[in-house]
Amino acid sequence: MRATDKIEKLFIGKVLQQEYSPGTQIPSERELAAEYEVGRPVIREVLQRLEREGWLTIRSGQRAVVNDYWKEGNLMTIVHMLAEEESIPNEFIMHLLELRKSLSPAYVKDAVTHKPLSVVALLKESETVPDEDAAFAEYDWRLQKGLAAASPNPIYLLILNSFGHLYVKMATHYFYEETYRDASRAYYRELMAATLSGDGTQAEYLVQEMMEKSIKMWKERTK
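Along each chain, residues carry numbers from 1 onward, in the same order as the chain's sequence is written. In keeping with the predicted nature of the model, local features appear solely for residues at pLDDT of at least 70, side-chain atom pairs appear and are counted solely at 80 or more, and the whole-chain, interface and lining totals rest on all residues. Side-chain measures were taken over the full set of non-hydrogen atoms in the model, leaving aside hydrogen atoms and water.

### Concerning the overall build of the protein
At step 1: Runs of H or I in DSSP of at least four residues are treated as helices and runs of E of at least two as strands, each being numbered from the N terminus. What the protein contains, in helices and strands, is 12 helices and two strands.
At step 2: Counting only C-alpha atoms, the protein reaches 65 × 35 × 30 Å along its principal axes.
At step 3: Expressed as a percentage of its 223 residues, the buried residues of the protein come to 44%.
At step 4: Only heavy atoms matter for contacts: two residues are in contact if any of them lie within 4.5 Å across the pair. Counting contacts in the protein only where the partners sit at least 6 residues apart, residues at least 24 apart contribute 65% of the total.
At step 5: For the accessible areas, the method is Shrake-Rupley and the probe is 1.4 Å, while residue cover comes only from the protein chains on display. By element, 53% of the accessible surface of the protein is carried by carbon and sulfur atoms, the whole surface being about 12,000 Å².
At step 6: On the protein, the mean spot of the 28 positive side-chain charges and the mean spot of the 34 negative ones are 3 Å from each other. Burial classes follow relative accessibility: with a 1.4 Å probe on protein chains only, a residue under 20% of its type's maximum area counts as buried, one over 50% as exposed, and anything between as partly exposed. Counted as positive: Lys and Arg. Counted as negative: Asp and Glu, with His and the chain ends omitted from the count. By convention, charge coordinates are those of NZ in Lys, CZ in Arg, CG in Asp, or CD in Glu.

Below is the structure:
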């Protein structure tokens, strides 16, 4: 890993762990250079990168200020947060689940409407998934990717691809409970019935309902 990448990663970790809280000033370039044992040009490059990604505001002649990344961040902020799995706030996970609830019904309806045979094939696989958390997590991820890919809008899949590793990790934790696996099996069967009847609207409703249940279950699972 390049020095700039390493320092950037360490800095973002400190922000997520609230060692650097929003609105506070960070050490000077000179102090950071001494802390990380690199030259000031390296630190300057890192700070400029962090500013472009929404983590910092650089002010001429003054120390940089830590931003509220929820308000000042961008897509690159999300990418870096996903790379810091051990530091991700639980509220970020909940926001991701809410985002999924907003996106999933739309791309599943598209998939059922435009490529029902592909959806049937994907759901058929659920019948042979071993009854264990990791297997369910891997299958559910393949299902989501396949459904998104069956939508005419390629942006859905691009968004999902950003969350792959974290999705499987969260899903493995979620599917640890047998009752949650049973709930998903019932959902897969209902979604299969809607697909076979060509009812995209019903599929959309089923996904919306299941996403709401999943959020409630996740809250219970992570208490």
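### Quick notes on the packing of helix H8 (residues 133-149) against helix H11 (residues 178-196)
At step 1: Under this scheme, a helix contributes an axis fitted over its contacting stretch, all axes are lines through C-alpha atoms, and angles between N-to-C directions fall in the 0 to 180 degree range. Contact pair H8 / H11: the axes reach a minimum separation of 12 Å and the direction vectors enclose 30 degrees. Considering how the two elements wind past one another, H8 and H11 form a crossing that is left-handed. Along its contact with H8, which presents Asp133, Phe136, Tyr139, Asp140 and Leu143, the element H11 presents Arg181, Ser184, Arg185 and Tyr188. When the near helix sits turned anticlockwise from the far one by under a right angle, the crossing is termed left-handed; a clockwise turn instead gives a right-handed crossing.

### Re the confidence of the model for the protein
At step 1: Per-chain confidence: the protein averages 91 in pLDDT, with 99% of residues scoring 70 or above.
At step 2: Confidence scores differ between elements of the protein, with helix H5 (residues 75-83) showing the lowest mean pLDDT of 80 and helix H7 (residues 116-124) the highest of 97. Confidence of the predictor at the level of single residues is given by pLDDT, which spans 0 to 100.

### Remarks on the environment of Glu72
At step 1: By secondary structure assignment, the location of Glu72 is in helix H4 (residues 69-72).
At step 2: For the pair Glu72 and Glu51, spaced 21 residues apart in sequence, the C-alpha separation works out to 9.6 Å.
At step 3: Look past the residues within four positions of Glu72 in its chain and what remains in contact with it is Gly54 and Asn67.

### As for the nonpolar core
At step 1: Take the buried Ala, Val, Leu, Ile, Met, Phe, Trp, Tyr and Cys residues and link them wherever side-chain atoms come within 4.5 Å; each set so joined is a nonpolar core. In this structure, Phe11, Ile26 and Trp55 are the most contacted members of the largest nonpolar core, which totals 69 residues.
At step 2: Those residues in contact with Ile26 that lie beyond four places of it in its chain are Phe11, Tyr20, Leu32, Leu47, Leu56, Arg63, Ala64 and Val66.

### Digging into the environment of Asp5
At step 1: For Asp5, the position within the fold is in helix H1 (residues 3-16).
At step 2: Note: C-alpha distance between Asp5 and Arg49 (44 residues apart in sequence) is 9.9 Å.

### Some points on the packing of aromatic side chains
At step 1: Two rings belonging to Phe, Tyr or Trp (six-membered ring only in the last case) form a pair when the distance between their centres is within 6.5 Å. Interplanar angles under 30 degrees mark stacking, angles over 60 mark edge-to-face geometry, and anything in between is tilted. Going through the model one piece at a time under the given rule, you end up with 11 aromatic pairs.
At step 2: Ring plane angle 55 degrees and centroid distance 5.3 Å describe the contact between Phe136 and Phe175, whose orientation is recorded as tilted. A residue pair is termed long-range when its members are at least 10 positions apart, and Phe136 in helix H8 and Phe175 in the loop between helix H10 (164-174) and H11 qualify at 39 residues.

### What to know about H8
At step 1: By this rule, a helix spans an expected 1.5 Å times one less than how many residues it contains. With 17 residues, H8 extends 24 Å between its outermost C-alpha atoms, agreeing within 8% with the 24 Å of an ideal straight helix rising 1.5 Å per residue.
At step 2: In the core, the buried residues of H8 are packed alongside helix H6 (90-114), H7, helix H9 (155-161), H10 and H11.

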